[in-house]
Amino acid sequence: MASTTPIPATGDDPAPKPKRRTFSAEYKLRIVAEYDAAPAGEKGAILRRERLYHSHVIEWRQAREAGALDALADRRTSAVRPKKAAEQAELERLRKKVVRLEKDLARRDAALEVMGKANVLLELLSESAD
């Protein structure tokens, strides 16, 4: 009989989430130059050493030849996509908090109104019973 290993709950996942590698423009240019200068039998060794694919070199070479050194910059982490200023982020966080608190307040007001009507009804019922 095969033993069964319990599957951990989703919150108990011990493996960290993998991170995507990023490459600077200088690194890309250096690797393309090294790859192009290497003899035919050594190109694969460069790719294995750097854990890259041939498609990386092709893409980076095309960007270099097009004169688009900007294209070599990683758009996910570069200054092309500036981060929000701390004040803007705080303002956005506070606006969301205000919206959430206003919803909570409206819900409480509605509950109190219902409770008030129920109290009035109970008072009327108790008076009529007397």
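These lines cover the structure that appears in this document, whether it is placed above or below. (Residues numbered from 1 in each chain as written. Predicted model: local features only at pLDDT ≥ 70, side-chain atom pairs only at ≥ 80, totals over all residues. Heavy atoms only, no water.)

1. Remarks on the pattern of salt bridges
Part 1 of the argument: Following the criterion strictly, the structure yields ten salt bridges and no others.
Part 2 of the argument: Ionic pairing is found between Glu92 and Lys96, a salt bridge with its closest N-O pair at 3.7 Å. Here Glu92 pairs with Lys96, and both are found in helix α4 (residues 86-129), just four residues apart, close to one helical turn.
Part 3 of the argument: Of the residues examined, Glu92 reaches a relative accessible area of 34% and is grouped as partly exposed.
Part 4 of the argument: Taking the relative accessible area as the measure of exposure, Lys96 reaches 57% and is therefore exposed. (Salt bridge = Lys/Arg side-chain N within 4 Å of Asp/Glu carboxyl O. Helix = DSSP H or I, 4+ residues; strand = E, 2+ residues; numbered from the N terminus. Buried < 20%, exposed > 50% of the residue type's maximum accessible area, 1.4 Å probe, protein only.)

2. A look at the packing of aromatic side chains
Part 1 of the argument: Taken as a whole, this structure holds three aromatic pairs when the rule is applied.
Part 2 of the argument: With a centroid separation of 5.4 Å and 10 degrees between ring planes, the pair formed by Phe23 and Tyr27 is classed as stacked. Residue Phe23 shares its accessibility class with Tyr27, and that shared class is buried.
Part 3 of the argument: Ring geometry for Phe23 and Trp60: centres 5.3 Å apart, planes at 65 degrees, overall edge-to-face. Of this pair, Phe23 sits in the segment before α1 (25-37) while Trp60 sits in helix α3 (residues 54-65), and the two are 37 residues apart along the sequence. The same class applies to Phe23 and to Trp60, which are both buried.
Part 4 of the argument: Taken together through their ring pairs, the aromatic side chains of Phe23, Tyr27 and Trp60 make up a single cluster.
Part 5 of the argument: Positioned above the aromatic ring of Tyr35 is the side chain of Lys43, whose terminal nitrogen or guanidinium carbon lies 4.6 Å from the ring centre. (Phe/Tyr/Trp six-rings, centres within 6.5 Å; stacked < 30°, edge-to-face > 60°. Lys NZ or Arg CZ within 6 Å of the ring centre and 35° of its normal.)

3. Some details on α1
Part 1 of the argument: When the terminal C-alpha atoms of α1 are compared, their 18 Å separation across 13 residues agrees well with the 18 Å that a helix rising 1.5 Å per residue should span.
Part 2 of the argument: Within α1 the residues assigned to the buried category are Ala25, Tyr27, Lys28, Ile31, Val32 and Tyr35. Down the axis, α1 shows its buried residues gathered within 160 degrees of arc, on one side only. Looking at α1, the residues exposed on the side facing more than 90 degrees away from the buried face are Glu26 and Ala37.
Part 3 of the argument: The inward-facing, buried residues of α1 contact α2 (43-50) and α3. (Expected span 1.5 Å × (residues − 1). Arc of directions from axis to C-beta. Contact = heavy atoms within 4.5 Å.)

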